[in-house]
Structure formats: C-alpha cells, structure tokens
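Observations on the model geometry
Below are the chains, spelled out letter by letter.
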Amino acid sequence: MLFLVSVSLISCSKEEPNDYYWGTASAQLNGSSWQSEPRAVTNKPYDQGIDFLLDRLDRNGYMKEGIFIYKIPPQVGRHPISQTEVRDIDSLSGANLFTMIDGDVLGDVYHPLEVTADNYLEITKMEGDEIWAEFQIAFVKVSKSPVANNYPDTIRLTQGKIHTRIIKPE
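Here's what I pulled together on the structure shown here. Please read these numbers as outputs of a predicted model, since none were measured by experiment.

**Quick word on the overall build of the protein**
Within the protein, the regular secondary structure consists of two helices and ten strands. Shown N-terminal to C-terminal, the secondary structure of the protein runs as helices and strands in the order α-α-β-β-β-β-β-β-β-β-β-β. Considering only residue pairs separated by 6 or more positions, the protein has 58% of its internal contacts joining residues 24 or more positions apart. Of the accessible surface of the protein, which amounts to about 8800 Å², a share of 49% is contributed by carbon and sulfur atoms.

**A look at the pattern of salt bridges**
Within this structure, the stated rule accounts for seven salt bridges. E127 serves as the salt-bridge partner of K125, at 3.7 Å between the closest nitrogen and oxygen. Of the residues examined, K125 reaches a relative accessible area of 37% and is grouped as partly exposed. Put simply, R78, D118 and E122 are held in one network by salt bridges that share partners.

**Some points on the packing of aromatic side chains**
Overall, the coordinates contain two aromatic pairs when judged by the stated rule. Plain terms: the ring middles of Y20 and Y21 are 4.8 Å apart, the flat faces sit at 85 degrees to each other, and that makes the pair edge-to-face. Ring centres of F68 and Y70 lie 4.9 Å apart, and the angle between their planes is 40 degrees; this geometry places the pair in the tilted category. Just as F68 is buried, Y70 falls in that class too. In this arrangement the basic side chain of R78 is found over the ring face of Y120, its NZ or CZ atom lying 3.7 Å from the centre. If you follow K125 out to its NZ or CZ, it ends over the ring of W132, 4.6 Å from the centre.

**Thoughts on the pairing of strand β9 (residues 130-143)**
Within a regular beta strand, the side chains point alternately toward one face of the sheet and then the other, so they alternate between its two faces. Across four bridges, strand β7 (residues 105-112) lies against β9 in antiparallel orientation. Bridging across to β9, H111 finds its partner in V140. As paired strands, strand β8 (residues 120-127) and β9 are joined by seven bridges and run antiparallel to one another. Residue pairing in the sheet places K125 in a bridge with W132 of β9. What sits between β8 and β9 in their antiparallel hairpin is a turn of two residues, with G128 showing a positive phi close to 65 degrees. The pairing of β9 with strand β10 (residues 154-167) spans ten bridges and is classified as antiparallel. Across the sheet, W132 pairs through a bridge with H163, a residue of β10.

**Quick notes on the side chain of S93**
With respect to the element layout, S93 can be found in strand β6 (residues 93-101). A polar contact of 2.7 Å, which involves the side chain of S93, links it to the backbone oxygen of K71. The contacts of S93, once residues within four sequence positions are left out, are Y70, K71, I72, P73, H79, P80, I81, S82 and T84.

Criteria and cut-off values
- Residues numbered from 1 in each chain as written.
- Predicted model: local features only at pLDDT ≥ 70, side-chain atom pairs only at ≥ 80, totals over all residues.
- Heavy atoms only, no water.
- Helix = DSSP H or I, 4+ residues; strand = E, 2+ residues; numbered from the N terminus.
- Contact = heavy atoms within 4.5 Å.
- Areas by Shrake-Rupley, 256 points an atom, 1.4 Å probe, with all protein chains shown as cover.
- Salt bridge = Lys/Arg side-chain N within 4 Å of Asp/Glu carboxyl O.
- Buried < 20%, exposed > 50% of the residue type's maximum accessible area, 1.4 Å probe, protein only.
- Phe/Tyr/Trp six-rings, centres within 6.5 Å; stacked < 30°, edge-to-face > 60°.
- Lys NZ or Arg CZ within 6 Å of the ring centre and 35° of its normal.
- Pairing = 2+ DSSP bridges.
- Polar contact = N/O pair within 3.5 Å; in protein donor to acceptor, adjacent residues only side chain to side chain.

And the structure:
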C-alpha cells in the first residue's frame, strides 16, 4: 500500500526532465528499444542503499510508466532483485513496474517474476555522486488496470543500462 501511495505522490504532476531527472537509461523491453528518464536517490527513511526511478514520459511530460528498483547496496557488484517491499527492513533488493493512465492514474502493477533466477541490477562504476549500472528484470502483472491498455502479462527488460547521479534527499 505504501508503494501505491508513493507512486501517486510521485506521479500526480507533470515532470520536468531537466529539473528532476539526470542522465540516461535504456533497455530492451520484450525485444523492443526502451528509454526512460533516470533518477537515483538514497533510500529514505529506511537508509537501505540506493533507489532508482526509471520513468518513461509521454510527449507532454506526463509519466507513462515507471520502474522502481530499490534497496540496492551502494557498492560495485551484481545485486539480485527479489520480491520484497521498499519498507521491509531486510537485505533484499526489489523492483516494481507500473503503468500510468493520463499521467496521474495508476494502471497495471508488476512485480519481479520469481521463477527467473537472473533478475539483477549490477553497479559497474561509482564516481562521486555519479553511478553506472546494468540490469535485467522480468516482471509479471499482479494488478490490472480498470482501463484497457496494451501491456502484456509478462514484461522482460534486458540489456538495461543506467548512468545517473545519486541525489541525497533532504
């Protein structure tokens, strides 16, 4: 539930990419090219590593879909992605994917597909507040939007790359 509240707080307004996001993020989504606006923040209030927000915006600047990868240890290396909640105090890293309708209504919600053993985010380099990472995550739909859309039941992100800055929330 806290995740849904966080999503609605993040997504209720038009995002300004130059003010909120920094860097690049791309992947293959079910075999097609996918790009998003990245942001990384230290995990607050739980202080459990780094959270990555990868938001895909429509041409008007409203969020179309978002990937939230959270509780990643702030160190170079491969970190497996599991089904865990952002507020759980544990050593597991997690992720969610969600779609948005008209920029402010939560659509479909996806969790990591547990049968896939190779869900991960790998930090390849850290320099000052900049971070580089690669990722691959398979997601399965756990909540369907009441509005019809074209999203499949399973989404596979492969060949993912992120380069962004880590923001320390106040």
